[in-house]
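Listed below are the residues making up each chain.
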Amino acid sequence: MAEKNITRKQLAATVFTGLLSPLIRRLPRAAVFLAGKGAWLSALPALALLLPLLALMSSLRGALRPGEGMANLMLRVLGPWVGRLALLLYGAWFLFYAGFILRTGAERLVSAVYQESGTEPFLWVMLLLCAVAAMGPLRATARTAALMRNILLWVLGLVSLFALSNISLRNLFPLTVRDLPGTLRGALPVISVGGTVALFSFLSGYAAPPERPYRWAVPSLALFLLVSLLLCFETVGAFGPGLTLRLSFPFFTMIRDISLFNIAQRFEAVVIALWVFADFILCTLLLRCGNEALRTLVGLPKPEGQVGRNFVPPF
């Protein structure tokens, strides 16, 4: 079974890549709505709640038996009836959320690029691709996500670098003590996106046990908060809080203003295409988690020939 597992590093990269999808959808508009020009600092107070969540999930992970995910732990702790009801609700939520991501991703693509097209072709094609990937080996998705994470981070770094010339410090400063409550409220969108990482504990049975249950995820958390800060800093710095709120997709609008050797449109298309891959990874993970919840509910064995040594049937 070990050779079929993915490493904790691969799992962290996969989840991080998937979280970029809701992060780019919610930031910076949701943070600006709550915090104004101080939204770019909202990632810092978010750390105060995400670290305890990380500690809690690390503690729960320590209670898992070899080959188990969170679905098996729910059955053992909650019992067969309450546990099965919880798994049914989680499975339904995973499928609903996957559909929501597919719909919003298609709408974003149509709004940003294919404005004369409808959303249905993109939605159904993406659903088919995600379903095929979700039914395949998880390690294939993990390897793809690890590669895409590096590419996405490089692209985001380049975007941040070339967007510096469009930033006006008047859109970001001055900040006073009166801006502190808004900045704290602006952390809520970052926390809501970062908190979804707990859902992917349903896939813990496919990853090798971490040597340091708490520390292995800290670098990914720091990187997540850094990306959150950059999204708000760059976009609010370029447009100001007022215009950022009026734009449907302020980050992609900012990309249109970037001039890179007179190929701005091509650069924009590359960025949008890469974020489609983030949607793909997230939807694949959600479908896979939904499968884990519903499969465990009815007592089916693990796919890919991986049957946990301590699998507990729900009946």
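Only a predicted model underlies this, so the values are computations on that prediction, with no experimental measurement involved. (Residues numbered from 1 in each chain as written. Predicted model: local features only at pLDDT ≥ 70, side-chain atom pairs only at ≥ 80, totals over all residues. Heavy atoms only, no water.)

**Some details on the overall build of the chain**
Scanning the chain for helices and strands turns up 12 helices and 0 strands. For the chain, the share of sequence-separated contacts (at least 6 apart) that also reach a separation of at least 24 residues comes to 82%. For the chain, the accessible area works out to roughly 14900 Å², and carbon and sulfur atoms hold 69% of it. (Helix = DSSP H or I, 4+ residues; strand = E, 2+ residues; numbered from the N terminus. Contact = heavy atoms within 4.5 Å. Areas by Shrake-Rupley, 256 points an atom, 1.4 Å probe, with all protein chains shown as cover.)

**Quick notes on the packing of helix α1 (residues 8-26) against helix α7 (residues 138-163)**
Where α1 meets α7, the closest approach of the two axes is 8 Å, and the angle between their N-to-C directions is 60°. Comparing the axis directions of α1 and α7 gives the class oblique. In this structure, α1 crosses over α7, and the sense of that crossing is left-handed. The residues of α7 that touch α1, namely those facing Q10, A13, T14, F16, T17 and L20, are T141, A142, R143, A145, A146, M148, R149, L152 and L153. Here the contact of α1 with α7 is composed, by residue class, of 9 nonpolar, 4 polar and 2 charged. (Axes fitted to C-alpha atoms, helices over the stretch in contact; angles between N-to-C directions. Parallel < 35°, antiparallel > 145°, perpendicular 65-115°, else oblique. Left-handed = near helix turned anticlockwise from the far one by under 90°. Nonpolar A, V, L, I, M, F, W, Y, C, P; charged D, E, K, R; others polar.)

**Some details on the pattern of salt bridges**
Within this structure, the stated rule accounts for 1 salt bridge. One salt bridge in this structure joins E292 and R295, with 2.6 Å as the shortest N-O distance. Here E292 pairs with R295, and both are found in helix α12 (residues 264-297), just 3 residues apart, close to one helical turn. (Salt bridge = Lys/Arg side-chain N within 4 Å of Asp/Glu carboxyl O.)

**Points about the side chain of T14**
Structurally, the position occupied by T14 is in helix α1. Here T14 is in contact with T141, A142, A145, I281 and L285, once residues within four sequence places are set aside.

**A word on the environment of G182**
Within the element layout of this structure, G182 appears in helix α8 (residues 180-185). Classification of G182 by relative accessible area gives buried; the value is 7%. Once the C-alpha coordinates of G182 and K37 are considered, the two residues, 145 residues apart in sequence, prove to be 9.2 Å apart. Beyond its immediate chain neighbours, meaning those up to four positions away, G182 contacts L34 and A35. (Buried < 20%, exposed > 50% of the residue type's maximum accessible area, 1.4 Å probe, protein only.)

**Let's talk about the nonpolar core**
The biggest cluster of nonpolar side chains holds 91 residues, and the ones touching the most others in it are F202, F224, F251 and W275. What F202 contacts, discounting residues up to four positions off in sequence, is G69, M70, A71, M74, L87, Y90, F94, C289, E292 and A293. (Core = buried A, V, L, I, M, F, W, Y, C linked by side-chain atoms within 4.5 Å.)

**Regarding the environment of L138**
Considering the arrangement of structural elements, one finds L138 in helix α7. In this structure the C-alpha to C-alpha distance between L138 and A207, which are 69 residues apart in sequence, comes to 9.8 Å.

**A word on the side chain of S160**
Inspection of the secondary structure assignment puts S160 in helix α7. Here S160 falls in the buried class, since its relative accessible area comes to 9%.

**Some words on the confidence of the model for the chain**
Interpretation of this model should avoid reading the predicted coordinates in detail wherever pLDDT is low. With 85% of its residues at a pLDDT of 70 or more, the chain has an overall mean of 80. A low-confidence stretch, residues 305-315 stays under pLDDT 50, and its non-local contacts, those more than four residues away or across chains, total 32 contacts. (pLDDT = per-residue confidence, 0-100.)

**Re the environment of L152**
As for its position among the elements, L152 is in helix α7. Given the relative accessible area of 1%, L152 is considered buried. Sequence separation of L152 and L20 is 132 residues, and the distance between their C-alpha atoms is 9.0 Å. If we skip the residues at most four places from it in the chain, L152 touches T17, L20, L274, W275 and A278.

**Overview of a nonpolar patch on the surface**
Together, L85, L88, L89, L95 and L294 give the surface a local cluster of nonpolar side chains, amounting to about 450 Å² of exposed area. Per element, the largest residue contribution to the nonpolar patch is 4 residues, and it comes from helix α5 (residues 80-112). Of note, L95 is situated in helix α5. The partly exposed category is assigned to L95, whose relative accessible area is 42%. (Patch = residues over 30% accessible without salt bridge, like charges linked within 9 Å, V, L, I, M, F, W, Y side chains within 5 Å.)

**Side note on the packing of α1 against helix α9 (residues 187-195)**
The description of two helices packed together rests on the angle between their axes and the distance between the axes. Interhelical geometry of α1 versus α9 gives an angle of 160° and a closest axis separation of 9 Å. Our classification of the angle between α1 and α9 gives roughly antiparallel. When you trace α1 past α9, the crossing you get is right-handed. Within the contact between the two elements, α1 uses L19, P22, L23 and R26 and α9 uses P189, S192 and V193. Classifying every residue of the contact of α1 with α9 gives 5 nonpolar, 1 polar and 1 charged.

**Structural notes on the packing of aromatic side chains**
Counted according to the given criterion, the structure contains 8 aromatic pairs. Aromatic side chains W40 and F173 sit 5.6 Å apart centroid to centroid with 70° between the ring planes, which places their arrangement in the edge-to-face category. Of this pair, W40 sits in the loop between α2 (29-35) and α3 (43-62) while F173 is found in the loop between α7 and α8, placing the two residues 133 residues apart along the sequence. Residue classification places W40 among the buried positions, given a relative accessible area of 13%. On the numbers, 5.4 Å between centres and 70° between planes, the contact of W40 with F233 is edge-to-face. Taken together, the positions of W40 in the loop between α2 and α3 and F233 in helix α10 (residues 218-246) put the pair 193 residues apart, joining distant regions of the chain. In this structure, W40 and F233 share a single accessibility class: buried. (Phe/Tyr/Trp six-rings, centres within 6.5 Å; stacked < 30°, edge-to-face > 60°.)

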